[in-house]
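A structural walkthrough
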Amino acid sequence: MFNKRIRIKTLLAIEETNYEATVMGWIRTFRNNQFIALNDGSTNNNIQIVATLGMFDEALLKRLTTGACIRASGTIIPSLGKGQKVELKATTIEILGDSDAETYPMQPKKHSLEFLRENAHMRFRTNTFGSVFRVRHALAFAIHKFFNDKGFIYLHTPIITASDAEGAGEMFKVTTLPLDGTAPKNEYDNINFKEDFFGRSTNLTVSGQLEGELAAMALSDIYTFGPTFRAENSNTTRHLAEFWMVEPEVAFNDLEDNMTLAEEFIKYVIKYAMENNKEDMEFLSLRLDEEEKQKPQSERSDMGLLEKLKFVVDNDFERLTYTEAIEILKNSNHNKKKKFKYLIEVWGTDLQSEHERYLVEKHFKKPVILTDYPKEIKSFYMRQNNDGKTVAAMDILAPGIGEIVGGSQREERMDKLIQRMEEMHVPVEELWWYLETRKFGTCPHAGFGLGFERLVQFVTGMSNIRDVIPFPRYPKSAEF
Ligand code: 4AD
Ligand code: MG
């Protein structure tokens, strides 16, 4: 058996010394021809390995370069040097993989996030990305734990689908037909998808909600957690073309139940990461402090990362309607002084992220849940309110991020749903299966979608969404 190693995180947590241990990992630095800082990704802390002078031959020492992978065995002893409690006094050091010092991209110095994005295949080896991906993992785990503990069923909804769940037409096509112009045509001279793999036109899903609703109409409480795809040409720090979404769907929940579930959920997963990833969270908080120092005073946030997260966990989210929010925005000095790129003039306009961030960061200074949006700017499946103008929608807006959750109570009344689908040109016949839930035992129900990367951004304090997913997909970029 080759893999007889102790993880560096485990080793560093052990109080005793004078025992034998084997570690494996990647060299971060090698100083004075003696001291190796080794990292295995279990923590940002390295183990110092001492290669006592004279004990190892020159040829081996030359190969102890930054990035090289090694196995080292020896005795764990109290460290004489500063910066670490223990070190490994090596008796054997074996090179598992050489790394050319000249061309290794992750030099032991500070790299820009842009540079690291271009080297996403190697950026796992930096402290920042080590922390980000460990926290990402913790959040994913916490999500499953939260729902599992509440008795929800984890449902795997399809990734290839024929429907457009959001009705927004931002889909990637999936086809096995040739793209060189020789695809079969129908009588209207359009591509004949009847001859395609699935016998119809299909695409990558934008949301698992519709299928989630079908399951909730039997299993009561379900959630999905999977990849979703949007072919929107958004080049922002908050949009990806491929992102992960968490979508609970709950029978018998109304809009208020839905908000309460979402708020409890967000607080739970943030708290989980803070309690279980203390070291990484402290590291990320210091990293953000450094980044903030580069900004002009007026743009700096008044709270550090940990302080901000604690505040979010400890305080109620502000709940108000879209109509109330529009009033606040319309009367704000920001609007009067024309500081918004898109001025708020009439009821009914969609909120841009500048408006969302104004409400959260300047006005309320805490997460906000906006409800009851105009039906024109929301999806066909949202429950229509009695005023004939608004729907039972909710968006949760987070500081620094804007929209992190979008959800609603669903329209469970068949006639109202069909009427809205027709108004919005959503194909009623194609969604016959969705409508059957309203035909057979319909009930009030609600759900929401949380953008997982936006959550990871919020918790890690990373300003660009491309830095919280291992290999980001965005317009003109699908390297790796
Ligand atoms: O608001 P959205 O479009 O809602 C839905 O898809 C519903 N079907 C959800 C539901 O009710 N089950 O998307 C939900 C969330 C957004 O609030 C945002 O956090 C995230 O998904 N999101 C994106 N994240 C990254 N990149 C994108 N292009 C995103 N589009 C949406
Ligand atoms: Mg939305």
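See the structure printed just above.
Everything in this summary refers to the structure shown in the same document. Just so you know, these numbers come straight off a predicted model, no measurement behind them.

A word on the sheet that holds strand 5 (residues 86–97). Pairing between the strands of a sheet is mediated by backbone hydrogen bonds and can be parallel or antiparallel. Judged by pairing direction, the barrel is mixed, and its 5 strands sit side by side in the order 1-2-3-5-4 before closing back on the first. Neighbour-to-neighbour, the strand axes of this sheet turn through a mean angle of 55°, independent of strand direction. The pairing of strand 3 (residues 47–50) with strand 5 spans 3 bridges and is classified as parallel. Along strand 5, the bridge assignment pairs Ile49 with Leu88.

What follows concerns the pairing of strand 11 (residues 242–251). When you tally the buried positions in strand 11, you get 8 out of 10 residues, the bulk of the element. In terms of strand pairing, strand 10 (residues 221–229) meets strand 11 through 9 bridges, oriented antiparallel. Bridge pairing links Thr224 to Glu247 in strand 11.

The next point concerns the side chain of Glu411. Its location among the elements puts Glu411 in the loop between strand 15 (402–409) and helix 12 (414–423). A distance of 2.7 Å separates the side chain of Glu411 from the side chain of Arg413, its partner in a polar contact. Those residues in contact with Glu411 that lie beyond four places of it in its chain are Tyr381, Met382, Arg383, Gln384, Lys416, Leu417 and Arg438.

Once that is clear, we can look at the site of ligand 1. Residues in close proximity to ligand 1 total 24 residues, the closest being Glu166, Gln209, Glu232, Glu247 and Glu403. In this structure, a nitrogen atom belonging to ligand 1 sits 2.8 Å away from a side-chain N or O atom of Glu232. In this structure, a nitrogen atom belonging to ligand 1 sits 3.4 Å away from a side-chain N or O atom of Tyr381. Relative to its unbound accessible surface of 630 Å², ligand 1 loses 93% to contact with the protein. Of all the elements in the fold, those that place two or more residues in the shell around ligand 1 are strand 11, strand 15 and strand 16 (445–451). Considering each element in turn, the shell around ligand 1 owes the most residues, 5 residues, to strand 15. Residues that form the shell around ligand 1 fall into these classes: 8 nonpolar, 8 polar and 8 charged.

The subject of this paragraph is a nonpolar patch on the surface. Together, Ile159, Ile160, Phe197 and Phe198 give the surface a local cluster of nonpolar side chains, amounting to about 390 Å² of exposed area. Inspection of the secondary structure puts Phe197 in the loop between strand 8 (173–174) and strand 9 (202–204). The exposure class of Phe197 is exposed, given its relative accessible area of 61%.

With that settled, consider the packing of aromatic side chains. Taken as a whole and judged by the stated rule, the model has 22 aromatic pairs. Aromatic side chains Phe340 and Tyr358 sit 5.5 Å apart centroid to centroid with 80° between the ring planes, which places their arrangement in the edge-to-face category. Of this pair, Phe340 sits in the loop between helix 10 (333–336) and helix 11 (353–364) while Tyr358 sits in helix 11, placing them 18 residues apart in sequence. Each member of the pair, Phe340 together with Tyr358, is buried. Grouping aromatic residues by their ring pairs yields a cluster made of Phe146, Phe147, Phe152, Tyr154, Tyr223, Phe265, Tyr268 and Phe448.

Here helix 12 has its buried residues at Leu417, Arg420 and Met421. The buried side chains of helix 12 occupy one side of the element, clustering within an arc of 100° when seen end-on. Seen from the open side of helix 12, the exposed residues pointing more than 90 degrees away from its buried face are Asp415 and Glu422. Buried residues along helix 12 sit against helix 13 (432–439). His425 lies just past helix 12 and shows a positive phi near 55°.

Relative to each other, helix 4 (residues 127–149) and helix 14 (residues 452–460) sit at 120°, their axes nearing to 10 Å. With respect to each other, helix 4 and helix 14 are oriented oblique. In this structure, the crossing between helix 4 and helix 14 has a hand that is right-handed. In contact with Val132, Val135, Arg136, Leu139, Ala140 and Ile143 of helix 4, helix 14 contributes Phe452, Glu453, Leu455, Val456, Val459 and Thr460. Tallied by class, the residues present in the contact of helix 4 with helix 14 amount to 9 nonpolar, 1 polar and 2 charged.

Turning to the pairing of strand 16, a few remarks are in order. Taken across its 7 residues, strand 16 has 7 buried, putting it largely inside the fold. Of the two faces of strand 16, the one holding His445, Gly447, Gly449 and Gly451 and the one holding Ala446, Phe448 and Leu450 are both buried throughout. Both strand 11 and strand 16 contribute to a ladder of 5 bridges, which runs antiparallel. Paired with Ala251 across the bridge in strand 16 is His445.

Packing of helix 9 (residues 322–330) against helix 11 leaves a shortest axis separation of 11 Å and a crossing angle of 75°. In terms of axis orientation, helix 9 runs roughly perpendicular to helix 11. Contacts between helix 9 and helix 11 pair Ala325, Ile328 and Leu329 from the former with His355, Tyr358, Leu359, His363 and Phe364 from the latter. Within the contact of helix 9 with helix 11, the residues separate by chemical class into 6 nonpolar, 2 polar and no charged.

Thresholds, definitions, all that
- Residues numbered from 1 in each chain as written.
- Chains lettered and ligands numbered in written order.
- Predicted model: local features only at pLDDT ≥ 70, side-chain atom pairs only at ≥ 80, totals over all residues.
- Heavy atoms only, no water.
- Pairing = 2+ DSSP bridges.
- Helix = DSSP H or I, 4+ residues; strand = E, 2+ residues; numbered from the N terminus.
- Axes fitted to C-alpha atoms, helices over the stretch in contact; angles between N-to-C directions.
- Buried < 20%, exposed > 50% of the residue type's maximum accessible area, 1.4 Å probe, protein only.
- Polar contact = N/O pair within 3.5 Å; in protein donor to acceptor, adjacent residues only side chain to side chain.
- Contact = heavy atoms within 4.5 Å.
- Near = heavy atom within 4 Å.
- Areas by Shrake-Rupley, 256 points an atom, 1.4 Å probe, with all protein chains shown as cover.
- Nonpolar A, V, L, I, M, F, W, Y, C, P; charged D, E, K, R; others polar.
- Patch = residues over 30% accessible without salt bridge, like charges linked within 9 Å, V, L, I, M, F, W, Y side chains within 5 Å.
- Salt bridge = Lys/Arg side-chain N within 4 Å of Asp/Glu carboxyl O.
- Phe/Tyr/Trp six-rings, centres within 6.5 Å; stacked < 30°, edge-to-face > 60°.
- Arc of directions from axis to C-beta.
- Parallel < 35°, antiparallel > 145°, perpendicular 65-115°, else oblique.
- Left-handed = near helix turned anticlockwise from the far one by under 90°.

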